[in-house]
Amino acid sequence: MNAPLPVTPVASPGPPLWLLAEVTYRCPLHCAFCYNPVDFARHDSELATEDWLRVLREARAAGSVQCGFSGGEPLMRDDLEILVAEAHRLGFYTNLLTSGVGLDARRAQALREAGLDHIQLSFQDSTRELNDFLSHTRTFDLKQRVAGLIKHNGWPMVMNCVIHRLNIDYVENIIDMAVELGAEYLELANSQYYSWALLNRDQLMPSRAQLERAERIVNECRQRLGDRIRIFFVVPDYYETRPKKCMNGWGEVFLTVTPDGTALPCHTARMLPGLDFPNVRDMDVKSIWYGSEGFSRYRGDAWMKDPCRSCPDKEKDRGGCRCQAWMLAGDPAAADPVCDKSPHHSKVVQVVEQASDPGWKGGAKPLIFRDLRRSRELGALEKSAADG
Amino acid sequence: MSRENIAEAAGPLAGACPKVSRRFRLQWEEAQQSWVLLYPEGMVRLNRSAGEILRRCDGTRTLETIVGELEQSFGASDLTADVSAFIDMARQQQWLEARAGRP
Ligand code: SF4
Ligand code: SF4
């Protein structure tokens, strides 16, 4: 026997290891950074329980092993326990990504019995006023209660807080609260600028000074808290000069199924023009993964243009995010403008500079909170723009 | 290798029964033809030897037993140093419970 080699990173294109089941776009909250599509109201025909059960079975047979139930607020579906139980029976590791709204002692116990492995609880902020402001609903007390339920049921306590200009100055309060609630992991992820967050980018993008201060504080907290909590801090990619390897490679690891059954390589890919994404109502998961145009279009690097095509780093980041390329460069096959080799990088720099100007107050517009009415309006706008 | 030597090579963990941490789930994945460790939103794919060691870390086998079983099934000898090095590493990664159980 050779000396054991412990870790082989998951890298090579293979099965859809990660299934993200976005079971509903319904949500009682109104986050200004919501990652659901702006026109979510147009996609309101949800898969039935039997459809989801079939998707779970097909995905598992295709090699999926991590299953995330997200939304919207997944607890809005009253068959969530049934889906979790089936996923568990099939051998998935089951994750629930929730704001906690709708989780009471009874449902927590039912989910425990269904075999749920993990809950990731998202918090908007630690101070009640700001939390209410940012999520537009009185949820802070509830989240404290939900954190208690998570502990009580023996789940690992993983918290997530989306960070942006309006709460980034409070990272220390957020960390302290997470510790107080017994969190073992805390992810402080800066908002990514897609969907609703893109609409609100002027108000949400932190300044460089804010970001540097927050990073310093997070490091101090790590020192102070040691092993009590592991803190992850994700900076907004606008502040980088190289893009992330989006979704760990297009169609390489992640399979997202949206509430209406559309299968996507990432939850925002629906915005890309000229791509037909298959629906799980019409096609089985294996054919979707290995045989659909939507999933193969940006796999690997054959689709790349310069500067990516001739770049030594193209395997490292695969040219970044296709959606960001579309949104900022107007071409889904362009380099992600976060990259400083992109001819459109100045657009990213401009946003960062504007946000970092000491006189900048976040623009004149009010924040747009995610809600059904706004989604209908914005969806209609998008549609008429596309038609006209 | 005599039992004394095993105990020495395995250091303070000799006689203890390593056990996969309750924070991880070890399972065989047919599609990947390998053992994997699953944890919240993540996965570690194990190579063959790592998988063969970890699946025996069930809290009922001592290090000596694990080494014995592996030597037998791989037709090898002198695996003690390799196995305990791996177990040390696995402990550092927190894949194993911090305090080993006793038989
Ligand atoms: S980001 Fe906020 S509004 Fe959007 S689905 Fe999540 S909790 Fe609901
Ligand atoms: S040019 Fe393209 S491949 Fe190279 S670093 Fe930039 S985004 Fe990545």
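Please refer to the structure higher up on the page.
Just so you know, these numbers come straight off a predicted model, no measurement behind them.

The rules behind these values
- Residues numbered from 1 in each chain as written.
- Chains lettered and ligands numbered in written order.
- Predicted model: local features only at pLDDT ≥ 70, side-chain atom pairs only at ≥ 80, totals over all residues.
- Heavy atoms only, no water.
- Near = heavy atom within 4 Å.
- Nonpolar A, V, L, I, M, F, W, Y, C, P; charged D, E, K, R; others polar.
- Axes fitted to C-alpha atoms, helices over the stretch in contact; angles between N-to-C directions.
- Helix = DSSP H or I, 4+ residues; strand = E, 2+ residues; numbered from the N terminus.
- Parallel < 35°, antiparallel > 145°, perpendicular 65-115°, else oblique.
- Left-handed = near helix turned anticlockwise from the far one by under 90°.
- Contact = heavy atoms within 4.5 Å.
- Buried area = accessible area lost by both parts, 1.4 Å probe.
- Salt bridge = Lys/Arg side-chain N within 4 Å of Asp/Glu carboxyl O.
- Polar contact = N/O pair within 3.5 Å; in protein donor to acceptor, adjacent residues only side chain to side chain.
- Pairing = 2+ DSSP bridges.

Caption draft 1: Representation of the site of ligand 1. In the vicinity of ligand 1, the residues found are A:C27, A:L29, A:H30, A:C31, A:C34, A:Y35, A:N36, A:G72 and A:R370. Taken together, the residues of the shell around ligand 1 sort by class into five nonpolar, three polar and one charged.

Caption draft 2: Summary view of the packing of helix α6 (residues 171-180) of chain A against helix α9 (residues 208-225) of chain A. Residues and elements named next belong to chain A. Packing of α6 against α9 leaves a shortest axis separation of 9 Å and a crossing angle of 30 degrees. Viewed along their axes, α6 and α9 adopt a mutual orientation that is roughly parallel. The chirality of how α6 crosses α9 is right-handed. Contacts between α6 and α9 involve V171, E172, I175, D176 and V179 from the first element and A214, I217, V218, C221, R224 and L225 from the second.

Caption draft 3: Region of the structure containing the site of ligand 2. The local shell around ligand 2 consists of A:R242, A:P243, A:P307, A:C308, A:C311, A:D313, A:K314, A:D317, A:G319, A:C339 and A:K341. When grouped by side-chain class, the residues that make up the shell around ligand 2 number five nonpolar, one polar and five charged.

Caption draft 4: Quick peek at the interface of chain A and chain B. The interface is formed by 28 residues belonging to chain A together with 26 residues belonging to chain B. A combined buried area of about 2300 Å² lies between chain A and chain B, and 58% of that area is made up of carbon and sulfur atoms. Viewed at the interface, chain B and chain A are joined by three salt bridges. Of the charged contacts in the structure, one is a salt bridge between B:R23 and A:E184, with a shortest N-O distance of 3.1 Å. Run the count over chain A and chain B and you get ten residue pairs in polar contact (both at pLDDT 80 or more). Taken together, the elements giving at least two residues each to the side of chain A that touches chain B come down to β3 (93-98) and β4 (118-123) of chain A.

Caption draft 5: Main features of the environment of A:G14. Residue and element names in this part refer to chain A. Of note, G14 is situated in the segment before β1 (18-22). Distance in space between the C-alpha atoms of G14 and Y290 is 9.5 Å, their sequence separation being 276 residues. Ignoring sequence-local partners within four residues, the contact set of G14 consists of E252, W289 and Y290.

Caption draft 6: Inspection of the sheet that holds strand β2 (residues 34-39) of chain B at higher detail. Residues and elements named next belong to chain B. The sheet built from three strands is open, its strands ordered β1-β2-β3 with antiparallel pairing. Of all the strands in the sheet, just β1 (25-29) and β3 (42-45) have a single pairing partner and so form its edges. When strand polarity is set aside, the average angle formed by the axes of neighbouring strands in this sheet is 30 degrees. Where β1 and β2 come together, five bridges link them in antiparallel fashion. Bridge assignment links R25 to a residue of β2, and that residue is L38.

Without other data, these values stay purely geometric and don't point to any function.
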